[in-house]
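Residue-level structure breakdown
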Amino acid sequence: MLIKERLFTPGPVPLPPQVIKALGQQIIHHRTPEFKKIFTEVREKLQKLLKTEGNIIMFSSSGTGGMEASVLNFFSKGDRVLIINAGKFGQRWKEIAQTYELKVVDYEIEWGKTYDKERVLQIVSEFPDIKGIFVQQSETSTTTYHDVSFLGEVSKNLEDCILVVDGITSVGVYEVYPEEIGIDILVTGSQKALMLPPGLSVLYFSDKAEKRLSKSNIPKYYFDVQKEAKKQKEGQTAYTPAINLIIALNESLNLILDEGLKNLAERHRIMAEATREAVKEIGLKLLSESPSNSATGVYSPAGINADDLRKELLKIGFRVAGGQDSLKGKIFRIAHMGYFDFNDVIQVIAGLEMALYRIGFDIELGKGVKKAQEVILKNS
Ligand SMILES: *Cc1c(COP(=O)(O)O)cnc(C)c1O
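Conventions we followed
- Residues numbered from 1 in each chain as written.
- Predicted model: local features only at pLDDT ≥ 70, side-chain atom pairs only at ≥ 80, totals over all residues.
- Heavy atoms only, no water.
- UniProt positions renumbered as here; feature names shortened; annotations may be inferred.
- Helix = DSSP H or I, 4+ residues; strand = E, 2+ residues; numbered from the N terminus.
- Domains from an automatic or database assignment.
- Contact = heavy atoms within 4.5 Å.
- Salt bridge = Lys/Arg side-chain N within 4 Å of Asp/Glu carboxyl O.
- Polar contact = N/O pair within 3.5 Å; in protein donor to acceptor, adjacent residues only side chain to side chain.
- Core = buried A, V, L, I, M, F, W, Y, C linked by side-chain atoms within 4.5 Å.
- Buried < 20%, exposed > 50% of the residue type's maximum accessible area, 1.4 Å probe, protein only.
- Axes fitted to C-alpha atoms, helices over the stretch in contact; angles between N-to-C directions.
- Parallel < 35°, antiparallel > 145°, perpendicular 65-115°, else oblique.
- Left-handed = near helix turned anticlockwise from the far one by under 90°.
- Nonpolar A, V, L, I, M, F, W, Y, C, P; charged D, E, K, R; others polar.
- Pairing = 2+ DSSP bridges.

UniProt records the feature "domain: Aminotransferase class V" (unreviewed entry) at residues 11–327, using the numbering of this structure. Within residues 11–327, the helical portion is 42% and the strand portion 17%, while the C-alpha atoms at the span's ends are 18 Å from each other.

So, about the domain arrangement of the chain. Taken as a whole, the chain is organised into domain 1 (17–258) and domain 2 (261–379). Listed as interface residues are 26 residues of domain 1 and, on the opposing side, 25 residues of domain 2. Taking the shortest distance from any N to any O, the salt bridge between Glu175 and Lys262 comes out at 3.9 Å. At the junction of domain 1 and domain 2, the tally comes to eleven residue pairs in polar contact (both at pLDDT 80 or more). The set of elements that each furnish at least two residues to the side of domain 1 that touches domain 2 consists of α2 (33–49), β7 (144–145) and α10 (243–259).

Turning our eyes to something else, we now look at the nonpolar core. Leu82 and Ile84 are the most contacted members of the largest nonpolar core, which totals 61 residues. Sorting elements by how many residues they give to this core places α10 first, with eight residues. Of the domains in this structure, domain 1 (17–258) and domain 2 (261–379) are the two that each give at least three residues to this core. Not counting chain neighbours up to four residues away, the residues in contact with Leu82 comprise Val105, Tyr107, Val120, Ile123, Val124, Ile130, Gly132, Ile133 and Phe134. Core analysis: the next-biggest nonpolar cluster, separate from the first, contains 31 residues, Phe8, Ala274, Ala278 and Phe361 among them.

The interhelical angle for the contact between helix α3 (residues 63–74) and helix α4 (residues 88–99), taken along N-to-C directions, is 45 degrees, at an axis separation of 10 Å. As judged from the angle between their axes, α3 and α4 are oblique. Relative to α4, α3 is oriented so that their crossing is right-handed. Residues Thr64, Met67, Glu68, Ser70 and Val71 of α3 form the contact with α4, whose own contacting residues are Phe89, Arg92, Trp93, Ile96 and Ala97. For the contact of α3 with α4, the residue count by class is six nonpolar, two polar and two charged.

Here the focus is the pattern of salt bridges. Enumeration over the complete set of coordinates arrives at 21 salt bridges. In this structure, Glu266 engages Arg269 in a salt bridge whose closest nitrogen and oxygen atoms are separated by 3.1 Å. A residue pair is termed a helical-turn pair when its members lie 3 or 4 positions apart in one helix, as Glu266 and Arg269 do in helix α11 (residues 261–282) at three residues. Note on Arg269: relative accessible area 29%, which makes it partly exposed.

So, about the sheet that holds strand β5 (residues 130–136). Taken in spatial order, the seven strands make up an open sheet running β2-β10-β9-β8-β5-β3-β4, and their pairing is mixed. Single-partner strands in this sheet number two, and they are β2 (55–59) and β4 (103–108). Pairwise comparison of adjacent strand axes, ignoring direction, gives a mean angle of 20 degrees for this sheet. Bridge count between strand β9 (residues 185–189) and strand β10 (residues 201–205): five bridges; the pairing is antiparallel. Pairing of Gly189 across the sheet is with Ser201, part of β10. Relative to the sheet, helix α9 (residues 225–233) contacts β2 and β10, its axis offset from that of β2 by approximately 105 degrees.

Rendered as structure tokens:
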């Protein structure tokens, strides 16, 4: 029988038809007035998305390239930095920083939890020479939301410190306005809430961060922010850009800005709440104590391997993500960021109930679906 595979993974995510159409066109050359016009439009729309007139550049890379560029360009060897390390991607900040010989203060946090404010204050008073605080606003591996505005305050009060935020699964899910929040560097990537295939990273940096550019002593070539920023202000890129992705980004940004950033955040809030309430109603436990609105991490019931449950779900037509590292086999993650609406949530919960039923979990069918419907009705 026909089974349609539906992607509910936190990257890559399903593409809107407008994006698919844009991707299906013949390529144009990048050193043309035609491309320059599109590139300039995209830059302006990214500024609207982040409510800033500040510096934004794009690299042809996955999100990690944008993370690496943040370390390479705004820091020097030997700089001390604080890493809020609460999952796979926090770990990645740490690994990149160590690769480039920064001195890392590793604030390791149990997976599924967020940071403790007191502990952060303690660390910065112990190490007043901290030059950067690194965090994920949404730690996708544990589906945890970290409050970055508090860290913005902390960073502001230090002598020479910048706040570096991985917003790869928060931009396009929440309203993320770096200037209001006090974020100095914000990274995002194309295959998450921006609703594109992988291959583009986006980097915002503040004026405070910009002053660091000429001082950094770490070698770099492709990921040279100064060089790119200069070119991109003129509507060009230093090297061949991911032309088709940029054309498609123009379309996805239209969708985002047409919906409105408030509405977009509210839609994600409701989808996340409906998902969480539904899985709890089914009798499952959430992974995160500070859940993100981009994806929901759920513990598989006792005696059921999460990856077996995922296989059942896939047979029904839903691809969800598993756990990484220590969470492998223990949890699964349902994404609801980007091109998703309330009906998608109802569908995936219905699928989850059937998968649980088939795998032998004691379940009353429809219970979670009903809960999701109630949350949606109450909020919309
Ligand atoms: C997906 C993701 C990344 C980047 O991963 P890539 O595979 O390099 O695109 C980084 N941080 C977070 C929080 C992510 O979700």
